[in-house]
There are 2 protein chains.
Amino acid sequence: MDLIARLRAGLPGEAILTDPDVTGSYANDMTSFCEAGTPAVVVLPRTVEQVQHIMRTATELRVPVVPQGARTGLSGAANASDGCIVLSLVKMDRIIEINPVDRIAVVEPGVINAVLSRAVNEHGLYYPPDPSSWEECSIGGNIGTASGGLCCVKYGVTAEYVLGLDVVLADGRLLTCGRRTAKGVAGYDLTRLFVGSEGSLGIVVRAVLALKPEPPGQLALAAEFPSTAAACEAVCEIMARGHAPSLLELMDRTSIRAVNEMAQMGLPDSTEALLLAAFDTPEPAADLAAVGALCTAAGATEVVPAETAAESDLLLQARRLTLTALERVKSATMIDDVCVPRSRLAEMLDGTAAIAEKYDLTIGVCAHAGDGNTHPTVCFDAADPDESRRARESFDDIMALGLQLGGTITGEHGVGVLKKEWLARELGPVGVELQRGIKEVFDPLGILNPGKLF
Amino acid sequence: MDLIARLRAGLPGEAILTDPDVTGSYANDMTSFCEAGTPAVVVLPRTVEQVQHIMRTATELRVPVVPQGARTGLSGAANASDGCIVLSLVKMDRIIEINPVDRIAVVEPGVINAVLSRAVNEHGLYYPPDPSSWEECSIGGNIGTASGGLCCVKYGVTAEYVLGLDVVLADGRLLTCGRRTAKGVAGYDLTRLFVGSEGSLGIVVRAVLALKPEPPGQLALAAEFPSTAAACEAVCEIMARGHAPSLLELMDRTSIRAVNEMAQMGLPDSTEALLLAAFDTPEPAADLAAVGALCTAAGATEVVPAETAAESDLLLQARRLTLTALERVKSATMIDDVCVPRSRLAEMLDGTAAIAEKYDLTIGVCAHAGDGNTHPTVCFDAADPDESRRARESFDDIMALGLQLGGTITGEHGVGVLKKEWLARELGPVGVELQRGIKEVFDPLGILNPGKLF
């Protein structure tokens, strides 16, 4: 019996897409430079049982399965492979429970991050993880890539909010792991193993998420610096003095100019680095004053604290526009995601500038500075083979620099296809061997998202 | 070549203990009702290389290895098995680095929790996990059991503070996993897999720990309730209203009376439950006033807020004395560690009282109420076989009740020997199969802490 007929036995007709024009549109996430194959079929299940049927079918017929959320990923982890089943979880988008006493939400994987955020806000609760794509990305995708966002400097990443999971395994069996409780140490932490596993160990079909009480609205300041080194010194001082900003972002000169050009924001052209800090504390003005003083001491030429939420939004607008602005510089961009100890951030930024010069490229950097997580964005002309090659090489140099500074090749975007050669370098042979061993335990036939991670 | 001679080839003489009177004293942790075997030898390495030598020897000769920290554990996870090598990490007790900018500490596993806490305090930093045994327990043991403490309701458990690990594997190879950075998602989270693995996957020889800024000193209140149900209602209200207490503890009538008897603390005998709440916020008095009002609304007969740190310490003293006081009730105690969603806490406490009545036993309960983590403590006469049997059976009933309420058999003490039959019940067959698969990847010969967990 062929694949489509087998799938039809347990799925309604509208859950199975086979028209190549349609299935082809499911081939990619948002990453440049990553090959993608042609899927045999796209399935859109609505129930756990349907996902189990799909996985049983895939196991029987030995067909690879590529799980997908909203395909906003930046590492190619959701790219199709040839002849695969694309398993899109977007139709499983129910919020099952929001519980203010237990401070948890129970959701299906297709729930959009922003939809969940707003829903829990109505109960006075807060789901912190906020990737830039939060209006489009799904919770299942966030779990698959362990994604971060602007709030991580205070609230941590997705991994810290996943308490329990229901997972359909490669062979179709259903696993429930983790907990609904605040604490729990019963056996190995399988839940955490699935977070960031990029769909290579199982299909998440339900998640119990931890929530926080909703904090007061945040108030921001912007500080202009004559060098990235001075801005990084301010970052180190702010963190060493025990401040807890809800956001601490840095934009380099290239990013500032790109934003200025696109949005005429009037940031002074002499500014080499812009630091944005925000606090959602009970007295944000006092925190901003203290942090502003540290910026001035580190050499800031101008410090602009917002006095209202509207002013804050205006200040943060520059950061929000950065990637869009950089995408206008050339026909294509490659965004990197190297994270270094924050004490090495200045070296990372200087080194990235040197790499841009070496390869004669425009590389704009914005960074979750409080976490040492930089997003160097290489702007290049995709139609120019030489510039494309230089872009690719500069990307490798940036990752090498990150590792050399004691960092990681990916702070929050994941490995996918884009960085799989680099993962082995970061983990070392013993780490890779153990990771492959774990993969085999969960997916002995190797049908789950093959060709990703390793 | 025999075991001792092989060990001598890579260890100094004083690192090898063979006198049965001495090695026998390393047979147990602090758990009742757990069998322990007779170790062949106790080794006390001081370097990573020595640990590697021990594990290579154990692998060659197929000798089981039981890793030990300070042996303050409450599940028998560190109990010796017959003919094993007890590998005590207590001599590897260096604090290698404290870095206020990166907010990390790098330590060896034998560092005592309190020693680390005080050392980081000197840099204005805070290492939150604070098990009751914090003056004696070691960081390696804390990692092995993923231990908690009083602060978890605000700051979470040990797992949330372990960023990276160096681990000697069963065959003696050294694995470095995790990171020094604030964020990182490169591959499966091996670091988190080791946390709570009770020495069954590898020997942690170095840890990178996350630190927080040191918060202001906390201020506490005590509230007396006419029933545990009323106290639990207050707990639910406090958490549902978005408060962030740094401590939220509950003592039942039996605990209160035991403490009164031991320390003449003058808690009124009519009090059925005592709730203790503390805040380390900038304005703790305001938080205490709000929480005090919620307690009154829930039926508290008296609310006593502290006005100074000394008064706070006095209030918290009752909680700190609870286990010692309960240990005086009978010749032996068994302390349980069931964690339920906090919305089910009242049912857990009522159910535990019913179990005490059913078995005609004294069971005192203190609870990390904010986390729903109860420590029912069964007091019994170990010389009385019938009472001992009833104690053991009541313990099983308590775990069954916890699972029935959507909870876990262990919130922070771990599985060890004590709860291994129950672990399978909580995980289910699919979960157990995957966990065993992971164990085989790391320890194919099964020499690491055999007979624990599964």
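Residues numbered from 1 in each chain as written. Chains lettered and ligands numbered in written order. Predicted model: local features only at pLDDT ≥ 70, side-chain atom pairs only at ≥ 80, totals over all residues. Heavy atoms only, no water.

Brief notes about the domain arrangement of chain A
How big an interface is tends to be stated in terms of the accessible area lost upon association of its parts.
All names here are of chain A.
Next, step 1: The assigned domain composition of chain A is domain 1 (3-88), domain 2 (95-213) and domain 3 (219-404).
Next, step 2: Using only C-alpha atoms to locate each centre, domain 2 and domain 3 end up separated by 28 Å.
Next, step 3: Buried surface at the junction of domain 2 and domain 3, both sides included, amounts to about 800 Å², of which 57% is carbon and sulfur.
Next, step 4: Among the residues domain 2 hides against domain 3, the three largest losses belong to L150, V153 and K154. Together they make up 74% of the total.
Next, step 5: Taken together, the connections running from domain 2 to domain 3 amount to one salt bridge.
Next, step 6: Its salt-bridge partner being K154, residue D280 comes within 2.6 Å of it at the nearest N-O pair.
Next, step 7: Within the side of domain 2 that touches domain 3, the residues separate by chemical class into five nonpolar, one polar and one charged. (Domains from an automatic or database assignment. Buried area = accessible area lost by both parts, 1.4 Å probe. Salt bridge = Lys/Arg side-chain N within 4 Å of Asp/Glu carboxyl O. Nonpolar A, V, L, I, M, F, W, Y, C, P; charged D, E, K, R; others polar.)

Some points on the pairing of strand 6 (residues 104-107) of chain A
Walk down a regular strand and you will see the side chains alternate between the two sheet faces.
Residue and element names in this part refer to chain A.
Next, step 1: Residues of strand 6 alternate between two faces, with I104 and V106 on one and A105 and V107 on the opposite face, all of them buried.
Next, step 2: Alignment of strand 5 (residues 95-99) against strand 6, held across four bridges, turns out to be antiparallel. In the sheet register, I98 faces strand 6, and the bridge partner there is A105.
Next, step 3: What sits between strand 5 and strand 6 in their antiparallel hairpin is a turn of four residues, with R103 showing a positive phi close to 50 degrees.
Next, step 4: Looking at chain direction, strand 6 and strand 10 (residues 203-210) are connected through four bridges and run antiparallel. Looking at the pairing, I104 lines up with A210 of strand 10. (Buried < 20%, exposed > 50% of the residue type's maximum accessible area, 1.4 Å probe, protein only. Helix = DSSP H or I, 4+ residues; strand = E, 2+ residues; numbered from the N terminus. Pairing = 2+ DSSP bridges.)

Some details on unusual backbone geometry
Residues and elements named next belong to chain A.
Next, step 1: Here the phi dihedral of Q264 falls at roughly 45 degrees; this positive angle occurs in a residue that is not glycine.
Next, step 2: Here Q264 lies in the loop between helix 9 (253-263) and strand 14 (273-279).
Next, step 3: For Q264, a relative accessible area of 63% puts it in the exposed group.
Next, step 4: Positive phi is not limited to glycine here, since L453 has a value of about 70 degrees.
Next, step 5: Residue classification places L453 among the buried positions, given a relative accessible area of 1%.

Some thoughts on the pattern of salt bridges
Next, step 1: Scanning the entire structure with this criterion turns up 46 salt bridges over all chains.
Next, step 2: For the salt bridge of R173 of chain A with D171 of chain A, the shortest nitrogen-to-oxygen distance reads 3.0 Å.
Next, step 3: With a relative accessible area of 32%, D171 of chain A lands in the partly exposed category.
Next, step 4: The shortest N-O distance in the salt bridge between R118 of chain B and E135 of chain B comes to 2.6 Å. Remark: E135 of chain B occurs in the loop between strand 7 (125-126) and helix 5 (139-145) and R118 of chain B occurs in helix 4 (residues 113-121); sequence separation between them is 17 residues.
Next, step 5: Through salt bridges that share partners, K330, D386, E387, R389, R390 and E393 of chain A make up one connected network.

A closer look at the relation of the copies chain B and chain A
Each of the two chain copies can be brought onto the other by rotation about an axis and movement along it.
Next, step 1: In the superposition of chain B on chain A (RMSD 0.0 Å, axial shift 0.0 Å), the rotation amounts to 180 degrees. Here the transformation between the copies is reduced to the relation of a two-fold axis. Among all residues of chain B, the one whose C-alpha sits closest to the rotation axis is I438 of chain B, at a distance of 3.1 Å.
Next, step 2: When you check the interface residues of chain B against chain A, 100% turn up at the interface there too, and the contact is symmetric in its surfaces. (Least-squares fit on C-alpha atoms with pLDDT ≥ 70 in both. Contact = heavy atoms within 4.5 Å.)

With respect to the pairing of strand 17 (residues 362-368) of chain B
Residues and elements named next belong to chain B.
Next, step 1: Taking burial as the measure, the seven residues of strand 17 include six buried ones, the bulk of the element.
Next, step 2: As paired elements, strand 13 (residues 247-252) and strand 17 share two bridges and run antiparallel to each other. Looking at strand 17, one finds that L250 is bridged to A367.
Next, step 3: Relative to strand 18 (residues 373-380), strand 17 is paired through seven bridges, and the arrangement is antiparallel. Residue C366 lies in a different strand from strand 18, and its bridge partner there is H375.
Next, step 4: Taking the residues between adjacent antiparallel strands as the criterion, strand 17 and strand 18 are bridged by four residues, where G372 takes a positive phi near 70 degrees.

Concerning the UniProt feature "domain: FAD-binding PCMH-type" (unreviewed entry) in chain A
Next, step 1: As recorded in UniProt, the feature "domain: FAD-binding PCMH-type" (unreviewed entry) lies at residues 35-214 of chain A.
Next, step 2: Secondary structure across residues 35-214 of chain A divides into 22% helix and 24% strand, with the first and last C-alpha atoms of the span separated by 41 Å. (UniProt positions renumbered as here; feature names shortened; annotations may be inferred.)

Here's the deal with the side chain of D443 of chain A
Residues and elements named next belong to chain A.
Next, step 1: Here D443 lies in the segment after helix 14 (420-442).
Next, step 2: Exposure remark for D443: the relative accessible area of 2% places this residue in the buried category.
Next, step 3: A polar side-chain atom of D443 sits 2.8 Å from the main-chain amide nitrogen of L448. (Polar contact = N/O pair within 3.5 Å; in protein donor to acceptor, adjacent residues only side chain to side chain.)

Quick notes on helix 14 (residues 420-442) of chain B
Note: α-helices contain 3.6 residues per turn, so residues at a spacing of three or four share the same orientation.
Next, step 1: The first and last C-alpha atoms of helix 14 of chain B sit only 20 Å apart over 23 residues, clearly below the 33 Å expected at 1.5 Å per residue.
Next, step 2: Along its length, helix 14 of chain B shows its largest kink, about 110 degrees, at G428 of chain B, and proline P429 of chain B lies within four residues downstream of that point. (Expected span 1.5 Å × (residues − 1). Bend = angle between axes of the 7 residues up to and from the residue.)

Points about the sheet that holds strand 2 (residues 41-43) of chain B
All names here are of chain B.
Next, step 1: Taken in spatial order, the four strands of this open sheet run 1-2-4-3, and their pairing is mixed. The two strands at the open ends of the sheet, each matched to only one other strand, are strand 1 (16-17) and strand 3 (65-68).
Next, step 2: Both strand 2 and strand 4 (residues 85-88) contribute to a ladder of three bridges, which runs parallel. Across the sheet, residue V41 finds its bridge partner in strand 4, namely I85.
Next, step 3: Taken strand by strand, helix 3 (residues 48-61) contacts strand 2, strand 3 and strand 4, and its axis lies near 165 degrees from that of strand 4. (Axes fitted to C-alpha atoms, helices over the stretch in contact; angles between N-to-C directions.)

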